[in-house]
Amino acid sequence: AKRYYEYAIKLYPDGKSGYYGLGYYYLNKNACKDAEKNFIKAQSRDRTDRTIYMLLYVTYSSCFGDIKKAESVAKQYEAIFKKPILADLKERIKGI
């Protein structure tokens, strides 16, 4: 999977999908810094993607254990989407 995402980034460096996927890959490996780096790159390419904010929130709260950074992402999310991030996360989890 990692090679696929790296190849996607090579082909489409301005797209978000490769960075999103690579960030998710690293999050599942508990490689917090690499996950964060890739989610931030994905977010810089699309600031309206709710999922990227959610994954950054999870990265900070669960992977790093950094509640302050997680709360900062939650505030950004609420300012943009006019809904608490935890409410949307609960809805997403129900749908799984």
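For the structure given in this document, a descriptive report is provided here. (Residues numbered from 1 in each chain as written. Predicted model: local features only at pLDDT ≥ 70, side-chain atom pairs only at ≥ 80, totals over all residues. Heavy atoms only, no water.)

Tracing the chain through its elements places Asp 49 in the loop between helix H3 (32–45) and helix H4 (50–64). At a separation of 2.9 Å, a polar atom in the side chain of Asp 49 contacts the main-chain amide nitrogen of Thr 51. (Helix = DSSP H or I, 4+ residues; strand = E, 2+ residues; numbered from the N terminus. Polar contact = N/O pair within 3.5 Å; in protein donor to acceptor, adjacent residues only side chain to side chain.)

Applying the stated criterion across every chain yields a total of seven salt bridges. The shortest N-O distance in the salt bridge between Asp 49 and Lys 16 comes to 2.6 Å. A residue pair is termed long-range when its members are at least 10 positions apart, and Asp 49 in the loop between H3 and H4 and Lys 16 in the loop between helix H1 (2–11) and helix H2 (17–28) qualify at 33 residues. For Asp 49, a relative accessible area of 13% corresponds to the buried category. Judged by its relative accessible area of 26%, Lys 16 is partly exposed. In this structure, the salt-bridge partner of Asp 88 is Lys 83, at a minimum N-O distance of 3.0 Å. Its relative accessible area of 7% is what places Asp 88 among the buried residues. One network of salt bridges, in which partners are shared, links Arg 50, Lys 83, Asp 88 and Glu 91. (Salt bridge = Lys/Arg side-chain N within 4 Å of Asp/Glu carboxyl O. Buried < 20%, exposed > 50% of the residue type's maximum accessible area, 1.4 Å probe, protein only.)

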